[in-house]
2 protein chains.
Amino acid sequence: MADAENLWSTRPASALRAGPEVDLATLDRSATPGWEGGKNEARTFMAARGRLLSELQERLFAHGRSGGDRSVLLIVQGLDTAGKGGIVRHVVGMVDPQGVALRAFGVPTAEERRHHYLWRVRRALPRPGLIGVFDRSHYEDVLVARVDGTVEEDALPRRFSEINRFERQIAASGTTIVKVALLVSYEEQGLRLMKRLDRPDKHWKYDPGDVDTRRDWDAYQAAYADVLARTSTDVAPWHVVPVDRKWYARLAVTELLTQALVDLDLDWPRPRWRVDAQKRRLAATMSEESLQQAAANAEEEIAAYHQDEAEFAAAVARADTSPGPSGPAPGPAGDPGEQDGQDDGGASPSGGRSDVAGEPPARTTAAGRAKKNRKNKNGRETTARAQETRTTKRQKHKKDDRGSTSAAGGRKKSAAAGRKKSAAAGRKKSAKNSSGKKTR
Amino acid sequence: MADAENLWSTRPASALRAGPEVDLATLDRSATPGWEGGKNEARTFMAARGRLLSELQERLFAHGRSGGDRSVLLIVQGLDTAGKGGIVRHVVGMVDPQGVALRAFGVPTAEERRHHYLWRVRRALPRPGLIGVFDRSHYEDVLVARVDGTVEEDALPRRFSEINRFERQIAASGTTIVKVALLVSYEEQGLRLMKRLDRPDKHWKYDPGDVDTRRDWDAYQAAYADVLARTSTDVAPWHVVPVDRKWYARLAVTELLTQALVDLDLDWPRPRWRVDAQKRRLAATMSEESLQQAAANAEEEIAAYHQDEAEFAAAVARADTSPGPSGPAPGPAGDPGEQDGQDDGGASPSGGRSDVAGEPPARTTAAGRAKKNRKNKNGRETTARAQETRTTKRQKHKKDDRGSTSAAGGRKKSAAAGRKKSAAAGRKKSAKNSSGKKTR
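If you're wondering where the values come from, they're calculated on a predicted model, not measured in any experiment.

About the criteria used
Residues numbered from 1 in each chain as written. Chains lettered and ligands numbered in written order. Predicted model: local features only at pLDDT ≥ 70, side-chain atom pairs only at ≥ 80, totals over all residues. Heavy atoms only, no water. Helix = DSSP H or I, 4+ residues; strand = E, 2+ residues; numbered from the N terminus. Expected span 1.5 Å × (residues − 1). Buried < 20%, exposed > 50% of the residue type's maximum accessible area, 1.4 Å probe, protein only. Salt bridge = Lys/Arg side-chain N within 4 Å of Asp/Glu carboxyl O. Arc of directions from axis to C-beta. Contact = heavy atoms within 4.5 Å. Phe/Tyr/Trp six-rings, centres within 6.5 Å; stacked < 30°, edge-to-face > 60°. Lys NZ or Arg CZ within 6 Å of the ring centre and 35° of its normal. Pairing = 2+ DSSP bridges. Buried area = accessible area lost by both parts, 1.4 Å probe. Polar contact = N/O pair within 3.5 Å; in protein donor to acceptor, adjacent residues only side chain to side chain. UniProt positions renumbered as here; feature names shortened; annotations may be inferred. Core = buried A, V, L, I, M, F, W, Y, C linked by side-chain atoms within 4.5 Å. Domains from an automatic or database assignment. Axes fitted to C-alpha atoms, helices over the stretch in contact; angles between N-to-C directions. Parallel < 35°, antiparallel > 145°, perpendicular 65-115°, else oblique. Left-handed = near helix turned anticlockwise from the far one by under 90°. Least-squares fit on C-alpha atoms with pLDDT ≥ 70 in both.

S.K.: I'd like to hear about helix α11 (residues 246-264) of chain A, residue by residue, with values.
M.R.: At 3.6 residues per turn, the α-helix brings residues three or four places apart onto the same side. Residue and element names in this part refer to chain A. Helix length check: α11 (19 residues) gives 28 Å between terminal C-alpha atoms against 27 Å at 1.5 Å per residue, within 8%. Counted residue by residue, α11 has 18 buried out of 19 residues, so it is predominantly covered. One or two positions beyond α11, positive phi appears at Asp 265, with a value near 55 degrees.

S.K.: Describe the pattern of salt bridges, naming the residues involved and giving the relevant values.
M.R.: Tallied over the full model, the rule gives 44 salt bridges over all chains. A salt bridge links Lys195(B) to Glu301(A); the nearest nitrogen and oxygen atoms lie 3.9 Å apart. You can see Lys195(B) sitting in helix α8 (residues 186-198) and its partner Glu301(A) sitting in helix α13 (residues 288-319), one on each of two chains. For Lys195(B), a relative accessible area of 28% puts it in the partly exposed group. On the basis of relative accessibility, which here comes to 7%, the residue Glu301(A) falls in the buried class. A network of salt bridges, in which partner residues are shared, links Lys195(A), Arg199(A), Asp201(A), Glu301(B) and Asp308(B).

S.K.: Tell me about unusual backbone geometry, and please be specific about residues and values.
M.R.: Residues and elements named next belong to chain B. Its identity is not glycine, yet Thr 81 carries a phi of approximately 75 degrees, on the positive side. Residue position: Thr 81 is located in the loop between β1 (71-78) and α3 (84-90). The backbone of Arg 136 shows a phi angle near 70 degrees, a positive value even though the residue is not glycine. With respect to the helices, strands and loops of the structure, Arg 136 is situated in the loop between β3 (131-135) and α6 (144-147).

S.K.: Requested: an account of helix α12 (residues 275-283) of chain A, with residues and values cited.
M.R.: Where α12(A) is concerned, the buried positions are Gln278(A), Lys279(A) and Leu282(A). Buried residues along α12(A) cover an arc of 105 degrees about the axis, so they all sit on one side. In the core, the buried residues of α12(A) are packed alongside α8 and α9 (209-215) of chain B.

S.K.: Could you give an account of the packing of aromatic side chains, with specific residues and numbers?
M.R.: Within this structure, the stated rule accounts for 18 aromatic pairs over all chains. A centroid spacing of 4.9 Å and a plane angle of 65 degrees characterise the contact between Tyr206(A) and Trp273(B), whose relative ring orientation is edge-to-face. Of the two residues, Tyr206(A) is situated in the loop between α8 (186-198) and α9 (209-215) and Trp273(B) in the loop between α11 (246-264) and α12 (275-283); the pairing between them involves two chains. Each member of the pair, Tyr206(A) as well as Trp273(B), carries the same accessibility label: buried. Through a chain of ring-to-ring contacts, three or more aromatic side chains come together here, namely Trp8(A), Trp35(A), Phe45(A), Trp247(A) and Tyr248(A). Taking the ring centre of Tyr186(A) as reference, the NZ or CZ of Arg214(A) above it sits at 3.7 Å. Positioned above the aromatic ring of Phe312(B) is the side chain of Arg59(B), whose terminal nitrogen or guanidinium carbon lies 3.5 Å from the ring centre.

S.K.: How would you explain the pairing of strand β4 (residues 131-135) of chain A if you had to name every residue and give the values?
M.R.: Residue and element names in this part refer to chain A. With 5 of 5 residues buried, β4 lies mostly within the body of the structure. Here β4 shows a buried face lined by Ile 131, Val 133 and Asp 135 and a second buried face lined by Gly 132 and Phe 134. With 5 bridges connecting them, strand β2 (residues 71-78) and β4 associate as parallel partners. If you follow Ile 75 over to β4, its bridge partner there is Phe 134. Note that strand β3 (residues 100-104) and β4 share 5 bridges and pair parallel. Its bridge partner lying in β4, Ala 104 is registered against Asp 135.

S.K.: Could you give me a rundown of the interface of chain B and chain A, with the residues and numbers involved?
M.R.: Interface size is often expressed as the accessible area that is lost when the parts come together. In this complex, chain B contributes 73 residues to the contact, which on the side of chain A involves 74 residues. Both faces considered, chain B and chain A share a buried interface measuring about 7,100 Å² in area, 60% of it formed by carbon and sulfur atoms. When the buried surface of chain B facing chain A is broken down by residue, Arg89(B), Trp204(B) and Leu282(B) rank first, second and third, together holding 11% of it. Here chain B and chain A share 14 salt bridges between them. We note a salt bridge from Asp308(A) to Arg199(B), for which the minimum N-O separation is 2.8 Å. In this assembly, chain B and chain A are joined by 20 residue pairs in polar contact (both at pLDDT 80 or more). Among the secondary structure elements, those contributing two or more residues to the side of chain B that touches chain A are α2 (39-65), α3, α8, α9, α12, α13 (288-319) and α17 (413-433) of chain B.

S.K.: Describe the UniProt feature "domain: Polyphosphate kinase-2-related" (unreviewed entry) in chain A, naming the residues involved and giving the relevant values.
M.R.: The UniProt record annotates "domain: Polyphosphate kinase-2-related" (unreviewed entry) at residues 52-261 of chain A. Measuring from the first to the last C-alpha atom of residues 52-261 of chain A gives 10 Å, for a span that is 48% helix and 15% strand.

S.K.: Any chance you could break down the nonpolar core for me, citing the residues and the numbers?
M.R.: Grouped together as the largest cluster of nonpolar side chains are 87 residues, with contacts concentrated most on Trp35(B), Leu74(B), Val180(B), Leu228(B) and Val241(B). Of the residues forming this core, the biggest block, 12 residues, is contributed by α11(B). Each of two domains, domain 1 (12-264) and domain 2 (275-330 + 338-433) of chain B, supplies a minimum of three residues to this core. With 86 residues, the next largest nonpolar core counts Ile75(A), Val100(A), Leu143(A) and Leu228(A) among its residues.

S.K.: Please set out the packing of helix α2 (residues 39-65) of chain A against α13(A) residue by residue, giving values where relevant.
M.R.: Residue and element names in this part refer to chain A. Across the interface, α2 lies against α13 with an axial gap of 11 Å and an inter-helix angle of 115 degrees. Judged by the inter-axis angle, α2 sits roughly perpendicular to α13. Handedness of the crossing formed by α2 with α13: left-handed. Together, Arg 49, Leu 52, Glu 55, Leu 56 and Arg 59 of α2 and Glu 309, Phe 312, Ala 315, Val 316 and Ala 319 of α13 make up the contact between the two elements.

S.K.: Go over the pairing of strand β5 (residues 238-242) of chain B with me, naming the residues and quoting the values.
M.R.: Residues and elements named next belong to chain B. Burial analysis of β5 places 5 of its 5 residues in the buried class, which makes it a mostly covered element. In terms of strand pairing, strand β4 (residues 175-183) meets β5 through 5 bridges, oriented parallel. Pairing of Leu 183 across the sheet is with Pro 242, part of β5.

S.K.: An account of the relation of the copies chain B and chain A is needed here, citing residue identities and associated values.
M.R.: After a rotation of 180 degrees and a shift along the axis of 0.0 Å, chain B superposes on chain A with an RMSD of 0.1 Å. Here the transformation between the copies is reduced to the relation of a two-fold axis. Comparing interface residues between copies, 92% of those in chain B also lie at the interface in chain A; the contact surface is shared.

Printed below as a string of structure tokens:
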């Protein structure tokens, strides 16, 4: 798994970012912007990224459970067959379902129609700690509503402003917004719809209305171009994802989501209770034998914890290595407040926003430390050092230097089992953590 | 993956089913009832089951999207550290997040307290087509409420009756209820809590109240015993899952969920539109070149469809092989209406309920056909034959014998890519599924 090679030459956050003028007519929807590999490399890399994403998600979840205010909102827009469902299944499906708040927005219900179009969206925003996923969204109200004529053309500028203001509020409240527009070609859409008609197991995905929508292709393309140009802001930029190659779309969205979580730079929350005091309370309920076993386990557990943290920090450091100045320019938008500008240090969105989080107090995170290392040395050195540390820990199984109170005790059968278990868990984690090497 | 050996000698639906008298005092919480293998075998088997579960879930989802009324509700109860979250992450996490409605029930909010205790539960029931998951449930109102004294002892019989009536209604409306009580030992709970205190990355999972709850251990065990004895009914039986070995708990719940979905015996829904007419409408929007490509794809797609169906039917046939009469008896309950009695043919819950579904009209499903085969021969024969069929299909890639209109054409890149893709998806799933090693 450590072999999964990072072949992103330009981060999708830059490579796919919509500028003020979006020319969808010339967009190659089978392109793979920023990714230098093919499908096989993408598969390996995405599996590794999935493990990192899952670890990052758990930290976000822990943050939310401990009074933190951060969350992530992935907004997925696209026409029929663009692969919205595939993104949910294959990208979002890589993380713990407990950390996901998924909402699909269909045709508004009678109740929803009685309210402002943002009403139902506001109610579906993710709580702190969660990754919210919108399968369609308020953008339907400036896309399908526009093409179907349920909103007048001259009302659109106001809606764009409302949406931008709305998203600015969401972002200010602690939610990182990741917007992806999945763009399929006209030809590929036809083939995908025909496949649904060819295969009885896909019939349920087909709706006769899909052909009607397809007939409005040009109007939808124009509507998308406007949306991308008018609602791509610093706090909520659009990413234009060509999806004729499904593997690329999933890879790109995985990377966008991973980077958004890396940028949050969250560490495990600090407890609001005293560890030693709680250990004493708990110990009072345990038998002498259990306590001996717990003490024996503790050593292994703490070692496993440090190993996991080192692996995580190394994976984040590799993930966090932005392309150098030789990389392609970040698209025509090029405004000063780049979403992916975390190299600017304190001026970065993550740096700025983590001040908002308030409680529990921010700590220098493993990721943060790794980032600092990376800034002092080159990425490859940091990675090598982290790996060395990890290997040493794994080989020596030394007593943890920060470990506290654990009373020495005989290794009991179940303690040995516990160790095997934690070693197995370590392996699992390590398989889980180690996303690949950085390439450049 | 066809190698994953089914080592269930007794289905968990039988092996774990709560009878009218539940003796939790003698329950071995590190036991692995019904499973003849160890942890390694469990891992392999669970990975294979995950893929089947995922396929079954997609059929349920399609059913729900096409007007069907069936759903599944997994109710997970257990004390702190019993592994409720692990079940959600590792079992429920194996299926498409779009098909899951997860709800965690915490301490009731002020609004919830103003209503009957079933009010919030009723609102969280899964819509047709979904797998609902309750992390805790209305059973908190006869467990924690009882131990904490917020409900009087003499009010309990009424609550038990209400709950049984409530669940009968849910079942009658098309929801298969799967109730699992996760039972951890007192010793193991102590060790798991201590681990949360030992590891800074687990602190967020610890709450000082956990020790208070632990001090009420005996009261909780008595409350659980009553719940299991009083609310295990034919339509909603309890399954008592020993969880000191986490791998067993996850394996058992995976199996319970899979069997519940197998018993639904759902096929892909029939379309409400005419396939040929829709193909013509769509074709009118496609270029000549696209149409040629679609025709070439169709042959491959239909072959792939039949291959998928054959593999699915074979997997269901293998899954559906109940233990013979030599298997252990189904526990002390032994009432005539066994939940897992799908061998009774028409009298089975699935046979009976599918009449309720009404529309779209029931078809003989691939699973149903496989089941019939199994009844004529022995299970192993059917399995071998099914595998042979599949292998033949895979090797020959013969032209589909039931395929309709598809014009012959060269094999195009995209169809081949599609096949490769599904193989890749299989591999990915398998990587995701494999959990840890056996400890003892």
